[in-house]
Amino acid sequence: MPTFSLLTLNCFGVPTPTTHPRLLALARELNARDDQIVCLQEVQSHAYRRLLMRACDSYPHAAYAPFVHAPKGGLLTLARLPLAAVEFTLYRSREVPYPLSLMDWLLHKGILATRLEYAGVSIVVLNTHLNANYGGNWDRRSSYTRSEAEQLRQLADIVRAQPPEALVVAAGDFNFPRDSWLYEEFLAASGMLDPLAGDTRPTVRAPLKLAKRYALPIDFALVRAPALAGLRMESELRFVEKVRFSGRPRFLSDHMGVEL
């Protein structure tokens, strides 16, 4: 049976002294992998988008939504397969409860949908990055959480609107942990499955100055699958270890990748 492989990663594409060599190192790693689709989040400038599209030369196809300073939502999808359609949907909930949330507003976060066909199966990939929860508190009364919940309702609507025969993948940085009520309610509303359900390994590396409560599993590759004979799903964390670039071993991002 043919194998379809997808990788999602928040690539931390923000301006720092090491971003350029780090993204080049990431491109080398991606070129060496076998994934047909790569979903990247936090590509926060067109310079970094162009760098990734140029350096990831084994991915001849790319999707993004043009915007002023960066692709909309900071989203970039790379593909080894031709893309039949590309569509970006802006999240309706763009609340700015605190000044830090202004970064989410400026990026115009949303959902980058790409449609393709592989081995006779229609596949819809929803690359997304939800608003950050800077408080690290997912209580229902939190302003951050209310905004995330509204975005998830919109994402679930888009999942349910896809043809029943399509394999649907929602991948990206969801910014809430696997054990939260947001996670449970989204899976129930969308009908999606999490191949890593119950896995408590963090997918984000909290900076040393932040509490460990931020080091949580918040990156997902979720699936809504049609009835396909012999279908089997596996998922694993990638880019867990350091890679050597700029003279010493370094992490490729402050997040780990999730492979489906």
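Residues numbered from 1 in each chain as written. Predicted model: local features only at pLDDT ≥ 70, side-chain atom pairs only at ≥ 80, totals over all residues. Heavy atoms only, no water.

Between its terminal C-alpha atoms helix α1 (residues 19–32) stretches 20 Å, which fits the 20 Å expected from 14 residues at 1.5 Å a residue. Listing the buried residues of α1 in full gives Thr19, Arg22, Leu23, Ala25, Leu26, Ala27 and Leu30. Next to the buried residues of α1 lie β1 (6–13), β2 (37–43), α2 (46–55) and β11 (243–245). (Helix = DSSP H or I, 4+ residues; strand = E, 2+ residues; numbered from the N terminus. Expected span 1.5 Å × (residues − 1). Buried < 20%, exposed > 50% of the residue type's maximum accessible area, 1.4 Å probe, protein only. Contact = heavy atoms within 4.5 Å.)

Now for the sheet that holds β1. Sheet strands pair via backbone hydrogen bonds, and the direction of the pair is either parallel or antiparallel. Strand order in this open sheet of six strands is β3-β4-β2-β1-β13-β10, and the pairing throughout is mixed. Either end of the sheet is taken by a strand with one partner, and the two such strands are β3 (61–63) and β10 (236–238). Averaged over all pairs of adjacent strands, the angle between strand axes in this sheet comes to 20°, irrespective of strand direction. Taken strand by strand, α1 contacts β1 and β2, and its axis lies near 170° from that of β1. (Pairing = 2+ DSSP bridges. Axes fitted to C-alpha atoms, helices over the stretch in contact; angles between N-to-C directions.)

In this section: the packing of α1 against α2. At a closest axis distance of 9 Å, the pairing of α1 and α2 adopts a crossing angle of 30°. Judged on the interaxial angle alone, α2 and α1 are roughly parallel. Helix-helix and strand crossings are classified by hand; for α1 and α2 the assignment is right-handed. Along the contact surface, α1 presents Thr19, His20, Leu23, Leu24, Leu26, Ala27 and Asn31, while α2 presents Tyr48, Leu51, Leu52 and Ala55. Classifying every residue of the contact of α1 with α2 gives eight nonpolar, three polar and no charged. (Parallel < 35°, antiparallel > 145°, perpendicular 65-115°, else oblique. Left-handed = near helix turned anticlockwise from the far one by under 90°. Nonpolar A, V, L, I, M, F, W, Y, C, P; charged D, E, K, R; others polar.)

Further remarks concern unusual backbone geometry. Positive phi, close to 65°, is recorded for Glu42, a residue that is not glycine. One can find Glu42 in strand β2. Within the chain, His108 stands out as a residue other than glycine whose phi angle is a positive 60°. Along the chain, His108 turns up in the loop between α3 (102–107) and β6 (110–118). The exposure class of His108 is buried, given its relative accessible area of 17%.

This paragraph deals with the packing of aromatic side chains. As enumerated under the stated definition, the model contains six aromatic pairs in all. Taking the centre distance of 5.8 Å and the plane angle of 50° together, the rings of Phe176 and Phe220 count as tilted. Remark: Phe220 occurs in strand β9 (residues 219–224) and Phe176 occurs in the loop between β8 (167–173) and α5 (181–190); sequence separation between them is 44 residues. On the accessibility criterion, Phe220 (0% relative accessible area) is buried. (Phe/Tyr/Trp six-rings, centres within 6.5 Å; stacked < 30°, edge-to-face > 60°.)

Take the pattern of salt bridges next. Summed over all chains, the structure comprises 13 salt bridges. In this structure, the salt-bridge partner of Arg178 is Asp194, at a minimum N-O distance of 2.7 Å. Of the two residues, Arg178 is situated in the loop between β8 and α5 and Asp194 in the loop between α5 and β9; the sequence distance between them amounts to 16 residues. Two residues, Arg201 and Asp199, come together in a salt bridge whose shortest N-O distance is 2.6 Å. (Salt bridge = Lys/Arg side-chain N within 4 Å of Asp/Glu carboxyl O.)

Along the chain, Thr8 turns up in strand β1. A polar side-chain atom of Thr8 sits 3.4 Å from the main-chain amide nitrogen of Gly172. Setting aside residues up to four positions removed in sequence, Thr8 forms contacts with Cys39, Gln41, Ala171, Gly172, Phe220, Ala221, Met256, Gly257 and Val258. (Polar contact = N/O pair within 3.5 Å; in protein donor to acceptor, adjacent residues only side chain to side chain.)

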